[in-house]
Amino acid sequence: MTGPMRRVLIVIAVILVVAVGMVVMSFQTWEGTLGKWSASTADEVVDAQCVALHSIFGEERPLMLRYLAVPQPSTLADVQALQAQFTQQSVRLRPETAAGQAALAQATARETEVYSAFRQAGSLATVSPPRARAAIGPVDTRSAAVAASLSTLLHAETQHEIAIRRQATAAARTNLHFELISGVVTIFLAIGFAYYVVMLLGRGHRRERELTVALGRLGDRDELLARLRSTSSVLGGVAGELRTAAGDSAAA
């Protein structure tokens, strides 16, 4: 293998190593970014569930107070349906933060206490309406505690979701910058390799031209040698004739 060919292979190997390294790094960084975006999406789902839980209790609370004030079977049915939804939603909810988990546990326990107090007071709504109405204040106070816990839960999960989304956005920007840098490096490597190949081709072309000139000179030299040989043979013939003539003169 010639020296230029060896150098070309070395340059190609270096370019391939750099390109493969950039591809691997790009894959790893984008994989991390996609993981953060997936976490952000999961946090959005949790955040939506927190909003739904808060909304369910926001509907349940005034209905409980309304039933204690003016007992209606339809109102009681709505309260029971909303309480069942609250229980189902709280069981499915999986907060991403420790503060959210504590707030959910607190809200669930307080909501159970509120609903138990409501049932006790609601059983008196048709028997003793004044006593049922007297329970509106305590039930509302306990309901406010539930709402506060739900607000804490929603705030904790929302802030966590915002932080994860910002991290994912920052990671995506970083990856875009890396892709830009790797693209520029790749372009410069391609330009450098093209320049190197052109330089080698130019050098080879110059050597080929020099060899052609040298071969042309060798051809001229061969022609001159042929002429010299022809002239030498002619001179040899002439010299032979002169010697013959001189011999004949001496004999006479």
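A. Examining the nonpolar core more closely. Ranked by size, the top nonpolar core spans 29 residues in total, and within it L53, L93, F118, L150 and L153 carry the most contacts. Among the elements of the structure, α1 (3–69), α2 (73–92), α3 (98–122) and α5 (136–251) are those that each provide at least two residues to this core. Sorting elements by how many residues they give to this core places α1 first, with 10 residues. Excluding residues that lie within four positions of it along the chain, L93 makes contacts with V46, Q49, C50, L53, L104 and L153.

B. Molecular detail of a positive patch on the surface. Taken together, the side chains of R6, R7, R206, R207 and R209 present a region of like positive charge at the surface. Element by element, the count of residues in the positive patch is highest for α5, at three residues. In this structure, R206 sits in helix α5. The partly exposed category is assigned to R206, whose relative accessible area is 41%.

C. Highlighting the packing of aromatic side chains. In this structure the tally under the stated criterion is three aromatic pairs. With a centroid separation of 5.8 Å and 65 degrees between ring planes, the pair formed by Y67 and F118 is classed as edge-to-face. On the criterion of sequence distance, the pair formed by Y67 in helix α1 and F118 in helix α3 is long-range, its members being 51 residues apart. With respect to burial, Y67 and F118 carry one shared label: buried. Clustering of aromatic rings is evident, with ring pairs tying together Y67, Y115 and F118.

D. Focus on α2. The end-to-end C-alpha distance of α2 is 29 Å, a good match for the 28 Å that 20 residues give at a rise of 1.5 Å each. Buried residues of α2: T75, V79, L82, Q83, F86, Q89 and S90, and no others. Summarising the axial view, the buried residues of α2 lie within an arc of 130 degrees, below the 170-degree limit, and thus occupy one face. When the buried face of α2 is taken as reference, the exposed residues oriented beyond 90 degrees from it are P73, V91 and R92.

E. Representation of α3 in the model. For α3, with 25 residues, the first-to-last C-alpha span of 35 Å sits near the 36 Å given by 1.5 Å per residue. For α3, the complete set of buried residues consists of G100, A103, L104, A107, E111, V114, Y115, A117, F118, A121 and G122.

F. Focus on the side chain of T75. Topologically, T75 is positioned in helix α2. Residues within four places of T75 in sequence aside, it is in contact with L63, R66 and Y67.

G. How the structure looks around a nonpolar patch on the surface. Together, L180, V184, I187, F188 and I191 give the surface a local cluster of nonpolar side chains, amounting to about 520 Å² of exposed area. Considering the arrangement of structural elements, one finds L180 in helix α5. Looking at L180, the relative accessible area reads 57%, which means it is exposed.

Reading the values: the criteria
- Residues numbered from 1 in each chain as written.
- Predicted model: local features only at pLDDT ≥ 70, side-chain atom pairs only at ≥ 80, totals over all residues.
- Heavy atoms only, no water.
- Core = buried A, V, L, I, M, F, W, Y, C linked by side-chain atoms within 4.5 Å.
- Buried < 20%, exposed > 50% of the residue type's maximum accessible area, 1.4 Å probe, protein only.
- Helix = DSSP H or I, 4+ residues; strand = E, 2+ residues; numbered from the N terminus.
- Contact = heavy atoms within 4.5 Å.
- Patch = residues over 30% accessible without salt bridge, like charges linked within 9 Å, V, L, I, M, F, W, Y side chains within 5 Å.
- Areas by Shrake-Rupley, 256 points an atom, 1.4 Å probe, with all protein chains shown as cover.
- Salt bridge = Lys/Arg side-chain N within 4 Å of Asp/Glu carboxyl O.
- Lys, Arg positive; Asp, Glu negative; His and termini not counted.
- Charge placed at Lys NZ, Arg CZ, Asp CG, Glu CD.
- Phe/Tyr/Trp six-rings, centres within 6.5 Å; stacked < 30°, edge-to-face > 60°.
- Expected span 1.5 Å × (residues − 1).
- Arc of directions from axis to C-beta.

From the geometry alone we can't say anything about function, so treat these as descriptive.
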